[in-house]
Amino acid sequence: MKVCFVSSHTFFNPGGIKNHILELAEEYKKRGIEVKIIAPRRSSSENYDNDIILLGKSIPVYTGGNQGDLPYISNTKEIDEILEREKFDVIHFHNFIPPFALQILNRSKAKNILTFHSNVEAIPFIKPLIPFFTKNLKLNGVIAVAPMIMEYFKHFNGKKEVIPNGINLNVFNPNAKKHEEYIDDRLNLLFVGRIEERKGLLYLIKAYKIIKEKHNNVKLLVVGEGPLKQECDEYIKENNLKDIIFVGKVIGKEVAEYFNTCDIYISPAPFGESFGIVLLEAMASGKPVVGFANLGYYLLLKGSKGEEFLAKPKNIEELSEKILKLIEDDNLRKEMGEWGIEYSKNYSWEKIADRVLDFYKKS
């Protein structure tokens, strides 16, 4: 079997969809499946191995509280040349942003599968377009990474199934390296993500202010960059907050080292999350997690021990209370860390790949 993953998103920046594609591709290759990836080019400096084909361009757009992509292919003959040369059995789209994805789909002679990752509630102008596309696209099957996303495809008449994101347990586990320079007699709180509205770092910093008034034995590590960093810096300066360390951008699997360095992981995303992969990565690393109960996080942890540590979105006081509960109880941190390791095993890439490959056969 020869599979092509088509990303509607640039590979220039780190991101959950990029990681999903790369990890699933790696799992396929272990099974002897030939895989190529098509993605739009964002920068002329991009250079990857032969398994990643850069096609067309991606213009950065800011919508729904985060940076997205507007991809397109100006020379459609390139699509025909690639598809004729590669002769894929399956073309597996990850998200579907026109005109880029539509240009490829319209020329495909393979079995066409779509995995939709995004919570479009955060992008109001896209949601009304989905019924039109789902009725008219020549897709053989649709996968949603969460039940709430499958609601968008109720008009699709082909095969459809909810198959969640996976995590690499060989990378995210309690045995990963640590950053010793950040380990001392203080507890490490950790944020990982773009510093943008949808990821909610400023809410965490405001909660940290409350926490610092009660406990001085904590510091906050911030992994990531983004357009709202200056706003966060100004709040920190105005409130004279200490022990907040901006690590900067960390690429790929090195993030695991920061999960293993922290004592509590916090994801204060107030909206727009469809799943919660970053929570699972922290949990697989044996760390207790706290976050806002956006719909994606809530559905991931609903009915489990982890649900107790989800605060009402944008409620800074409740977020700080849940973090304080873990700061003040060593045994509870250990208990939730051990629970998270077991919970995350349900999302190994081996299990997720089995389900996706089975879906190909059924579609």
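Worth saying up front: this structure is predicted, and the values here are computed from it rather than measured.

## A few points about the overall build of the protein
Helix and strand counts for the protein stand at 13 helices and 14 strands. The C-alpha atoms of the protein give 21 Å as radius of gyration, which agrees with the globular expectation for 363 residues (21 Å, within 12%). Its C-alpha atoms give the protein principal-axis dimensions of about 65 × 40 × 40 Å. Counting the 363 residues in the protein, one finds 56% classified as buried. Of the contacts made within the protein by residues no fewer than 6 positions apart, 69% connect residues no fewer than 24 positions apart. About 16300 Å² of surface is accessible on the protein, with carbon and sulfur atoms providing 48% of the total. Here the protein contributes 51 positively and 49 negatively charged side chains, and the mean placements of these two sets differ by 5 Å.

## Thoughts on the pairing of strand 7 (residues 141–144)
The side-chain alternation of strand 7 yields two buried faces, one formed by Gly 141 and Ile 143 and the other by Val 142 and Ala 144. Inspection of the sheet shows strand 6 (residues 111–116) paired to strand 7 by 4 bridges, in the parallel sense. When the sheet's bridge partners are listed, Ile 113 is paired in strand 7 with Gly 141. In this sheet, strand 8 (residues 159–162) lies alongside strand 7 in parallel orientation, the contact comprising 4 bridges.

## Description of the nonpolar core
With 65 residues, the main nonpolar core has Leu 189, Leu 190, Ile 205, Phe 259, Tyr 265, Ile 323 and Ile 327 as its most contacted residues. Excluding residues that lie within four positions of it along the chain, Tyr 265 makes contacts with Leu 190, Phe 191, Val 192, Phe 259, Val 278, Leu 279, Ala 282, Pro 288, Val 289 and Val 290. Membership of the second largest hydrophobic core comes to 34 residues, among which are Ile 82, Phe 96, Phe 100 and Phe 153.

## Observations regarding the environment of Ile 264
Take Ile 264: it is sitting in strand 12 (residues 264–267). The sequence separation of Ile 264 and Ser 8 amounts to 256 residues, and the corresponding C-alpha distance is 33 Å. Ignoring anything within four residues of it in the chain, the contact list for Ile 264 reads Asn 188, Leu 189, Leu 190, Pro 288, Val 290, Ile 323, Leu 326, Ile 327 and Arg 333.

What counts as what
Residues numbered from 1 in each chain as written. Predicted model: local features only at pLDDT ≥ 70, side-chain atom pairs only at ≥ 80, totals over all residues. Heavy atoms only, no water. Helix = DSSP H or I, 4+ residues; strand = E, 2+ residues; numbered from the N terminus. Rg over C-alpha atoms; globule rule 2.2 N^0.38 Å. Buried < 20%, exposed > 50% of the residue type's maximum accessible area, 1.4 Å probe, protein only. Contact = heavy atoms within 4.5 Å. Areas by Shrake-Rupley, 256 points an atom, 1.4 Å probe, with all protein chains shown as cover. Lys, Arg positive; Asp, Glu negative; His and termini not counted. Charge placed at Lys NZ, Arg CZ, Asp CG, Glu CD. Pairing = 2+ DSSP bridges. Core = buried A, V, L, I, M, F, W, Y, C linked by side-chain atoms within 4.5 Å.

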